[in-house]
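Understanding the architecture of this molecule
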Amino acid sequence: MLARLLFLADLELFPPAASAQAGPIDDLYWFEVIVSAIMTVLIFAAIVLFAWKYRRRPGVEAVQIEGSTPLELTWSILPFLVMLVMFGWGAQLYFAAQQPPKDAMEIFVTGKQWMWKIQYPDGNREIDELHVPVGQPVKLTMASEDVIHSFSIPAFRIRHDVVPGHYDSVWFTPTKPGRYHLFCTEYCGNQHAGMIGWVTVMDQRAYNNWASGGGSQGTLAEQGEKLFQQFGCATCHLLDQQGRCPVLRDLYNKPVQLSDGRTVLADDAYLRESILEPNAKIVRGFEPNVMPNFRGQVSEENVIQLIGYIKSLSPQTPASQQGSQQPPVVLAPPGTPAKASPKPKPAPGR
Ligand code: CUA
(Lines give C-alpha, C1' and ligand atoms only; values in the text may rest on other atoms or scores of the structure.)
Protein backbone atom coordinates (compact mmCIF):
# COMPACT_ATOMS: atom_id res chain seq x y z
CA MET A 1 0.00 0.00 0.00
CA LEU A 2 2.75 2.35 1.03
CA ALA A 3 4.69 1.35 -2.06
CA ARG A 4 1.82 2.48 -4.25
CA LEU A 5 2.01 5.95 -2.76
CA LEU A 6 5.58 6.26 -3.82
CA PHE A 7 6.12 7.32 -7.36
CA LEU A 8 9.34 5.33 -7.38
CA ALA A 9 7.36 2.14 -7.66
CA ASP A 10 5.90 3.27 -10.98
CA LEU A 11 9.36 3.65 -12.44
CA GLU A 12 9.71 -0.13 -12.29
CA LEU A 13 12.63 0.03 -9.93
CA PHE A 14 10.74 -2.80 -8.28
CA PRO A 15 9.40 -6.04 -9.69
CA PRO A 16 5.61 -6.20 -10.00
CA ALA A 17 3.80 -7.22 -6.81
CA ALA A 18 1.80 -10.27 -7.81
CA SER A 19 1.24 -12.27 -4.64
CA ALA A 20 -0.71 -11.80 -1.44
CA GLN A 21 2.63 -11.75 0.40
CA ALA A 22 4.13 -8.97 -1.71
CA GLY A 23 2.17 -6.06 -0.22
CA PRO A 24 2.94 -6.71 3.46
CA ILE A 25 6.60 -7.42 2.69
CA ASP A 26 6.90 -4.20 0.67
CA ASP A 27 5.25 -2.25 3.51
CA LEU A 28 7.89 -3.49 5.96
CA TYR A 29 10.61 -2.77 3.43
CA TRP A 30 9.42 0.80 2.94
CA PHE A 31 9.02 1.30 6.70
CA GLU A 32 12.65 0.29 7.19
CA VAL A 33 13.88 2.42 4.29
CA ILE A 34 11.99 5.47 5.53
CA VAL A 35 13.03 5.06 9.17
CA SER A 36 16.65 4.59 8.06
CA ALA A 37 16.44 7.64 5.79
CA ILE A 38 15.00 9.80 8.58
CA MET A 39 17.69 8.63 11.02
CA THR A 40 20.43 9.25 8.46
CA VAL A 41 19.18 12.78 7.75
CA LEU A 42 18.84 13.57 11.48
CA ILE A 43 22.33 12.29 12.28
CA PHE A 44 23.98 14.14 9.39
CA ALA A 45 22.05 17.32 10.18
CA ALA A 46 23.20 17.09 13.82
CA ILE A 47 26.83 16.58 12.75
CA VAL A 48 26.76 19.62 10.46
CA LEU A 49 24.83 21.76 12.95
CA PHE A 50 27.06 20.96 15.92
CA ALA A 51 30.25 21.25 13.86
CA TRP A 52 29.17 24.78 12.94
CA LYS A 53 27.68 25.79 16.29
CA TYR A 54 30.57 24.55 18.45
CA ARG A 55 33.38 25.44 16.07
CA ARG A 56 36.53 26.91 17.59
CA ARG A 57 36.24 30.64 18.05
CA PRO A 58 38.82 33.06 19.49
CA GLY A 59 38.17 33.92 23.12
CA VAL A 60 35.60 31.12 23.70
CA GLU A 61 36.68 28.40 26.11
CA ALA A 62 35.10 24.90 25.74
CA VAL A 63 33.03 23.73 28.70
CA GLN A 64 33.58 20.05 29.53
CA ILE A 65 30.49 18.05 30.56
CA GLU A 66 30.50 14.58 32.11
CA GLY A 67 27.48 13.26 30.17
CA SER A 68 23.74 13.42 30.59
CA THR A 69 21.80 10.39 31.80
CA PRO A 70 18.38 11.52 30.47
CA LEU A 71 19.91 12.26 27.06
CA GLU A 72 21.71 8.94 26.88
CA LEU A 73 18.63 7.01 27.98
CA THR A 74 16.58 8.79 25.30
CA TRP A 75 18.95 8.00 22.47
CA SER A 76 19.26 4.39 23.60
CA ILE A 77 15.63 3.59 24.33
CA LEU A 78 14.01 5.30 21.34
CA PRO A 79 16.07 3.48 18.69
CA PHE A 80 15.61 0.26 20.65
CA LEU A 81 11.84 0.63 20.47
CA VAL A 82 12.00 1.36 16.74
CA MET A 83 14.17 -1.74 16.22
CA LEU A 84 11.72 -3.76 18.30
CA VAL A 85 8.91 -2.71 15.94
CA MET A 86 11.02 -3.85 12.97
CA PHE A 87 11.80 -7.12 14.72
CA GLY A 88 8.20 -7.86 15.70
CA TRP A 89 6.85 -6.91 12.28
CA GLY A 90 9.54 -8.92 10.49
CA ALA A 91 9.12 -11.96 12.75
CA GLN A 92 5.39 -11.97 12.10
CA LEU A 93 5.93 -12.00 8.30
CA TYR A 94 8.69 -14.56 8.66
CA PHE A 95 6.57 -17.00 10.65
CA ALA A 96 3.62 -16.51 8.31
CA ALA A 97 5.97 -17.40 5.44
CA GLN A 98 6.79 -20.72 7.15
CA GLN A 99 3.18 -21.82 7.56
CA PRO A 100 1.35 -22.70 4.37
CA PRO A 101 -2.44 -22.87 4.74
CA LYS A 102 -3.96 -26.34 4.98
CA ASP A 103 -5.72 -26.03 1.63
CA ALA A 104 -2.53 -25.10 -0.22
CA MET A 105 -1.96 -26.90 -3.50
CA GLU A 106 1.33 -28.76 -3.36
CA ILE A 107 3.79 -28.56 -6.24
CA PHE A 108 7.23 -30.18 -6.20
CA VAL A 109 10.39 -28.47 -7.40
CA THR A 110 13.73 -30.19 -7.96
CA GLY A 111 16.79 -28.04 -8.58
CA LYS A 112 19.49 -29.58 -10.73
CA GLN A 113 22.47 -28.03 -12.47
CA TRP A 114 21.10 -26.01 -14.24
CA MET A 115 17.37 -26.33 -14.39
CA TRP A 116 14.24 -26.34 -12.28
CA LYS A 117 12.11 -29.46 -12.66
CA ILE A 118 8.50 -29.04 -11.66
CA GLN A 119 6.13 -31.90 -10.77
CA TYR A 120 2.38 -31.49 -10.20
CA PRO A 121 0.17 -33.84 -8.20
CA ASP A 122 -1.89 -34.60 -11.32
CA GLY A 123 1.22 -35.90 -13.06
CA ASN A 124 2.14 -32.91 -15.22
CA ARG A 125 5.84 -32.15 -15.41
CA GLU A 126 7.73 -29.14 -16.68
CA ILE A 127 11.21 -27.68 -16.79
CA ASP A 128 11.88 -24.02 -15.97
CA GLU A 129 8.14 -23.28 -16.17
CA LEU A 130 5.66 -23.12 -13.32
CA HIS A 131 1.92 -22.75 -13.90
CA VAL A 132 -0.36 -21.78 -11.03
CA PRO A 133 -3.99 -20.68 -10.74
CA VAL A 134 -4.69 -17.17 -9.48
CA GLY A 135 -5.95 -16.87 -5.89
CA GLN A 136 -4.90 -20.40 -4.92
CA PRO A 137 -2.34 -20.77 -2.12
CA VAL A 138 0.53 -22.87 -3.48
CA LYS A 139 3.08 -24.71 -1.38
CA LEU A 140 6.32 -25.64 -3.08
CA THR A 141 8.21 -28.62 -1.69
CA MET A 142 11.75 -28.31 -3.00
CA ALA A 143 14.71 -30.66 -3.26
CA SER A 144 18.12 -30.43 -4.87
CA GLU A 145 19.70 -33.17 -6.93
CA ASP A 146 23.23 -31.79 -6.55
CA VAL A 147 24.35 -28.47 -5.02
CA ILE A 148 22.72 -25.57 -3.18
CA HIS A 149 20.36 -23.61 -5.39
CA SER A 150 17.97 -20.87 -4.41
CA PHE A 151 14.45 -20.56 -5.75
CA SER A 152 13.30 -17.01 -6.23
CA ILE A 153 10.23 -15.35 -7.73
CA PRO A 154 10.75 -11.61 -7.20
CA ALA A 155 7.19 -10.71 -8.20
CA PHE A 156 5.90 -12.90 -5.35
CA ARG A 157 8.63 -11.69 -2.94
CA ILE A 158 9.66 -15.26 -2.23
CA ARG A 159 13.14 -16.71 -2.17
CA HIS A 160 14.36 -19.86 -0.49
CA ASP A 161 17.57 -21.84 -0.60
CA VAL A 162 17.21 -25.37 -1.92
CA VAL A 163 19.76 -27.42 -0.03
CA PRO A 164 20.63 -31.01 -0.99
CA GLY A 165 19.73 -33.66 1.56
CA HIS A 166 16.34 -32.42 2.71
CA TYR A 167 13.14 -30.70 1.65
CA ASP A 168 12.74 -26.96 1.78
CA SER A 169 9.42 -25.28 1.26
CA VAL A 170 7.88 -21.91 0.52
CA TRP A 171 4.36 -20.89 -0.22
CA PHE A 172 2.59 -18.01 -1.90
CA THR A 173 -0.82 -16.96 -3.16
CA PRO A 174 -0.60 -15.45 -6.66
CA THR A 175 -2.96 -12.52 -7.10
CA LYS A 176 -2.44 -11.30 -10.67
CA PRO A 177 -2.51 -13.33 -13.89
CA GLY A 178 0.63 -12.82 -15.93
CA ARG A 179 4.10 -14.11 -16.57
CA TYR A 180 6.83 -13.52 -14.02
CA HIS A 181 10.53 -14.25 -13.78
CA LEU A 182 11.85 -17.23 -11.91
CA PHE A 183 15.50 -17.23 -10.88
CA CYS A 184 18.16 -19.28 -9.17
CA THR A 185 19.73 -16.82 -6.75
CA GLU A 186 22.57 -18.92 -5.38
CA TYR A 187 25.74 -19.32 -7.42
CA CYS A 188 25.65 -23.00 -8.37
CA GLY A 189 28.21 -23.49 -11.11
CA ASN A 190 29.17 -22.02 -14.44
CA GLN A 191 25.67 -21.95 -15.89
CA HIS A 192 24.04 -20.53 -12.78
CA ALA A 193 23.00 -17.46 -14.76
CA GLY A 194 21.02 -19.67 -17.13
CA MET A 195 19.04 -21.35 -14.36
CA ILE A 196 16.03 -19.15 -14.96
CA GLY A 197 12.46 -19.63 -16.03
CA TRP A 198 8.93 -18.31 -16.00
CA VAL A 199 5.97 -18.51 -13.71
CA THR A 200 2.61 -18.26 -15.42
CA VAL A 201 -0.34 -17.22 -13.26
CA MET A 202 -3.61 -18.12 -14.96
CA ASP A 203 -7.26 -17.76 -14.05
CA GLN A 204 -8.85 -20.97 -12.85
CA ARG A 205 -10.50 -21.87 -16.16
CA ALA A 206 -7.31 -21.36 -18.17
CA TYR A 207 -5.39 -23.32 -15.55
CA ASN A 208 -7.80 -26.25 -15.79
CA ASN A 209 -7.41 -26.24 -19.57
CA TRP A 210 -3.69 -26.17 -19.26
CA ALA A 211 -3.60 -28.91 -16.62
CA SER A 212 -5.78 -31.25 -18.68
CA GLY A 213 -3.26 -31.16 -21.52
CA GLY A 214 -0.46 -33.11 -19.87
CA GLY A 215 0.32 -35.85 -17.41
CA SER A 216 0.42 -38.65 -19.97
CA GLN A 217 2.12 -40.93 -17.46
CA GLY A 218 -0.71 -40.76 -14.95
CA THR A 219 -0.90 -38.82 -11.72
CA LEU A 220 2.07 -38.36 -9.45
CA ALA A 221 0.70 -41.19 -7.31
CA GLU A 222 0.38 -43.48 -10.33
CA GLN A 223 3.92 -42.68 -11.39
CA GLY A 224 5.02 -43.49 -7.84
CA GLU A 225 3.08 -46.74 -7.87
CA LYS A 226 4.95 -47.86 -10.99
CA LEU A 227 8.26 -47.18 -9.24
CA PHE A 228 6.99 -48.98 -6.16
CA GLN A 229 6.54 -52.11 -8.28
CA GLN A 230 9.71 -51.55 -10.30
CA PHE A 231 11.98 -51.24 -7.24
CA GLY A 232 10.39 -54.28 -5.66
CA CYS A 233 9.01 -52.33 -2.65
CA ALA A 234 5.76 -54.25 -2.93
CA THR A 235 7.41 -57.55 -2.02
CA CYS A 236 8.01 -56.40 1.56
CA HIS A 237 5.55 -53.53 2.06
CA LEU A 238 2.32 -55.46 1.64
CA LEU A 239 -0.66 -53.17 1.45
CA ASP A 240 -3.23 -54.98 3.53
CA GLN A 241 -1.33 -57.27 5.81
CA GLN A 242 1.82 -57.09 7.83
CA GLY A 243 4.80 -58.23 5.78
CA ARG A 244 8.42 -57.98 6.70
CA CYS A 245 8.21 -54.20 6.50
CA PRO A 246 5.85 -51.56 7.88
CA VAL A 247 2.45 -51.24 6.23
CA LEU A 248 2.26 -48.03 4.24
CA ARG A 249 -1.50 -47.68 4.06
CA ASP A 250 -2.77 -44.83 6.25
CA LEU A 251 0.78 -43.99 7.19
CA TYR A 252 1.05 -40.48 5.76
CA ASN A 253 1.09 -37.72 8.39
CA LYS A 254 0.59 -40.23 11.21
CA PRO A 255 2.88 -40.63 14.22
CA VAL A 256 5.40 -43.45 13.95
CA GLN A 257 7.08 -45.09 16.95
CA LEU A 258 10.76 -45.67 16.43
CA SER A 259 13.00 -48.36 17.85
CA ASP A 260 14.88 -45.75 19.90
CA GLY A 261 11.71 -44.70 21.69
CA ARG A 262 11.08 -41.51 19.74
CA THR A 263 7.84 -40.78 17.95
CA VAL A 264 8.02 -38.93 14.65
CA LEU A 265 5.47 -37.76 12.12
CA ALA A 266 5.39 -39.62 8.80
CA ASP A 267 5.61 -36.46 6.72
CA ASP A 268 7.39 -35.84 3.41
CA ALA A 269 10.76 -35.36 5.11
CA TYR A 270 10.45 -38.60 7.09
CA LEU A 271 9.37 -40.62 4.05
CA ARG A 272 12.19 -39.18 1.95
CA GLU A 273 14.75 -40.05 4.59
CA SER A 274 13.34 -43.55 5.04
CA ILE A 275 13.67 -44.23 1.30
CA LEU A 276 17.18 -42.84 0.93
CA GLU A 277 18.59 -43.72 4.36
CA PRO A 278 16.49 -46.48 5.86
CA ASN A 279 18.87 -46.88 8.78
CA ALA A 280 18.37 -43.36 10.05
CA LYS A 281 15.00 -44.03 11.72
CA ILE A 282 13.94 -47.61 12.29
CA VAL A 283 10.30 -48.30 13.09
CA ARG A 284 9.76 -50.11 16.37
CA GLY A 285 9.45 -53.84 15.86
CA PHE A 286 11.36 -53.77 12.58
CA GLU A 287 14.89 -53.91 13.89
CA PRO A 288 17.32 -54.87 12.52
CA ASN A 289 16.57 -52.88 9.39
CA VAL A 290 16.25 -55.01 6.26
CA MET A 291 15.42 -52.27 3.79
CA PRO A 292 18.16 -51.63 1.22
CA ASN A 293 19.60 -48.17 0.82
CA PHE A 294 18.17 -46.41 -2.25
CA ARG A 295 20.53 -43.46 -2.25
CA GLY A 296 22.00 -43.11 -5.74
CA GLN A 297 19.37 -45.40 -7.24
CA VAL A 298 16.38 -43.11 -7.15
CA SER A 299 16.41 -39.44 -8.12
CA GLU A 300 14.76 -36.75 -6.03
CA GLU A 301 11.98 -36.74 -8.64
CA ASN A 302 11.45 -40.48 -8.11
CA VAL A 303 11.32 -39.94 -4.35
CA ILE A 304 8.63 -37.31 -4.85
CA GLN A 305 6.64 -39.78 -6.98
CA LEU A 306 7.00 -42.52 -4.37
CA ILE A 307 5.87 -40.16 -1.61
CA GLY A 308 2.92 -39.17 -3.83
CA TYR A 309 1.96 -42.84 -3.99
CA ILE A 310 2.32 -43.37 -0.23
CA LYS A 311 0.19 -40.25 0.32
CA SER A 312 -2.50 -41.64 -1.93
CA LEU A 313 -2.75 -44.65 0.40
CA SER A 314 -4.05 -42.34 3.14
CA PRO A 315 -7.55 -41.34 2.10
CA GLN A 316 -7.86 -38.53 4.63
CA THR A 317 -5.08 -36.54 3.01
CA PRO A 318 -6.78 -33.44 1.60
CA ALA A 319 -7.66 -33.90 -2.05
CA SER A 320 -5.71 -30.77 -2.93
CA GLN A 321 -2.52 -32.59 -1.98
CA GLN A 322 -3.27 -35.61 -4.08
CA GLY A 323 -4.10 -34.27 -7.47
CA SER A 324 -7.33 -34.22 -9.37
CA GLN A 325 -8.66 -37.57 -8.38
CA GLN A 326 -8.05 -40.38 -5.96
CA PRO A 327 -5.84 -42.74 -7.87
CA PRO A 328 -7.09 -46.30 -7.73
CA VAL A 329 -5.19 -48.40 -5.27
CA VAL A 330 -4.18 -51.52 -7.10
CA LEU A 331 -3.31 -54.50 -4.98
CA ALA A 332 -0.99 -56.00 -7.53
CA PRO A 333 1.01 -58.99 -6.42
CA PRO A 334 4.79 -58.49 -6.62
CA GLY A 335 6.13 -58.72 -10.12
CA THR A 336 2.88 -57.80 -11.84
CA PRO A 337 3.39 -54.90 -14.22
CA ALA A 338 1.77 -51.74 -12.93
CA LYS A 339 -1.65 -51.06 -14.30
CA ALA A 340 -1.55 -48.46 -17.04
CA SER A 341 -4.56 -46.41 -16.10
CA PRO A 342 -5.60 -43.61 -18.41
CA LYS A 343 -5.19 -40.12 -17.07
CA PRO A 344 -8.40 -39.05 -15.41
CA LYS A 345 -10.06 -36.03 -17.00
CA PRO A 346 -10.18 -33.25 -14.43
CA ALA A 347 -13.69 -32.30 -13.50
CA PRO A 348 -14.74 -28.93 -14.92
CA GLY A 349 -14.45 -26.13 -12.40
CA ARG A 350 -11.84 -27.90 -10.38
CU1 CUA B 1 21.09 -23.05 -9.34
CU2 CUA B 1 22.25 -20.99 -9.26
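Residues numbered from 1 in each chain as written. Predicted model: local features only at pLDDT ≥ 70, side-chain atom pairs only at ≥ 80, totals over all residues. Heavy atoms only, no water.

**Observations regarding the overall build of the chain**
- In terms of regular secondary structure, the chain is built from 8 helices and 12 strands.
- Looking at the chain as a whole, 39% of its 350 residues qualify as buried.
- Carbon and sulfur atoms form 62% of the exposed surface of the chain, whose accessible area is close to 19600 Å². (Helix = DSSP H or I, 4+ residues; strand = E, 2+ residues; numbered from the N terminus. Buried < 20%, exposed > 50% of the residue type's maximum accessible area, 1.4 Å probe, protein only. Areas by Shrake-Rupley, 256 points an atom, 1.4 Å probe, with all protein chains shown as cover.)

**Side note on the packing of aromatic side chains**
- The tally for this structure, following the rule as stated, stands at 10 aromatic pairs.
- Summarising the aromatic geometry, the rings of Tyr-207 and Trp-210 are spaced 5.6 Å apart at their centres and angled 35 degrees between planes, so their arrangement reads as tilted. Here Tyr-207 and its partner Trp-210 are both found in helix α5 (residues 204–211), 3 residues apart, which amounts to about one turn of the helix.
- Pairing Phe-228 with Tyr-309 gives two aromatic rings, centres 4.9 Å apart and planes at 55 degrees, and the pair type is tilted. Of the two residues, Phe-228 sits in helix α6 (residues 220–230) while Tyr-309 sits in helix α8 (residues 300–312), which places them 81 residues apart along the sequence. Considered together, Phe-228 and Tyr-309 belong to a single accessibility category, that of buried residues.
- Put simply, the rings of Tyr-120, Tyr-207 and Trp-210 pair up and form one aromatic cluster.
- Across from the ring centre of Tyr-167, 5.6 Å away, lies the NZ or CZ of Arg-272, which sits over that ring. (Phe/Tyr/Trp six-rings, centres within 6.5 Å; stacked < 30°, edge-to-face > 60°. Lys NZ or Arg CZ within 6 Å of the ring centre and 35° of its normal.)

**Digging into α8**
- When the terminal C-alpha atoms of α8 are compared, their 18 Å separation across 13 residues agrees well with the 18 Å that a helix rising 1.5 Å per residue should span.
- Counting buried positions along α8 yields 13 of 13 residues, so the element is predominantly enclosed. (Expected span 1.5 Å × (residues − 1).)

**Focus: the sheet that holds strand β8 (residues 168–172)**
- Strand order in the open sheet made by the 5 strands is β3-β2-β1-β5-β8, with mixed pairing throughout. Sheet topology places β3 (125–127) and β8 at the edges, where each strand pairs with a single neighbour. On average, each strand axis in the sheet is inclined to that of its neighbour by 25 degrees, with strand direction left out of account.
- Relative to β3, strand β2 (residues 115–119) runs antiparallel, the two sharing 3 bridges. Residue Lys-117 lies in a different strand from β3, and its bridge partner there is Ile-127. (Pairing = 2+ DSSP bridges. Axes fitted to C-alpha atoms, helices over the stretch in contact; angles between N-to-C directions.)

**Some points on the pairing of strand β9 (residues 178–184)**
- Here strand β6 (residues 149–153) runs beside β9; their pairing, made up of 2 bridges, is antiparallel. Paired with Phe-151 across the two strands is Cys-184, which belongs to β9.
- In this structure, β9 lies alongside strand β10 (residues 196–202), joined through 6 bridges in antiparallel fashion. Across the sheet, the residue bridging to Gly-178 is Val-201, located in β10.

**Observations concerning the packing of helix α7 (residues 268–276) against α8**
- At a minimum axis distance of 10 Å, the contact between α7 and α8 shows a crossing angle of 120 degrees. With respect to their mutual orientation, α7 and α8 come out oblique. Handedness of the crossing formed by α7 with α8: right-handed. Where α7 approaches α8, its residues Asp-268, Leu-271, Arg-272, Ile-275 and Leu-276 are matched on the opposing element by Glu-300, Val-303, Leu-306, Ile-307, Ile-310 and Lys-311.
- By residue class, the composition of the contact of α7 with α8 is 7 nonpolar, no polar and 4 charged. (Parallel < 35°, antiparallel > 145°, perpendicular 65-115°, else oblique. Left-handed = near helix turned anticlockwise from the far one by under 90°. Contact = heavy atoms within 4.5 Å. Nonpolar A, V, L, I, M, F, W, Y, C, P; charged D, E, K, R; others polar.)

**Section: the environment of Phe-231**
- Among the structural elements, Phe-231 can be located in the loop between α6 and β11 (255–257).
- The spatial distance from the C-alpha of Phe-231 to the C-alpha of Gln-297 is 9.4 Å, given a sequence separation of 66 residues.
- With residues up to four places along the chain from it excluded, the contact list for Phe-231 reads Phe-294, Gln-297 and Val-298.

**A closer look at the confidence of the model for the chain**
- Predicted confidence across the chain gives a mean pLDDT of 81, with 85% of residues reaching 70 or more.
- Confidence, expressed as mean pLDDT per element, reaches its minimum in the chain at helix α2 (residues 7–10) with 51 and its maximum at β6 with 95.
- Below a pLDDT of 50 lies the segment residues 318–350, which in the model reaches 64 contacts outside its immediate sequence neighbourhood of four places, other chains included. (pLDDT = per-residue confidence, 0-100.)

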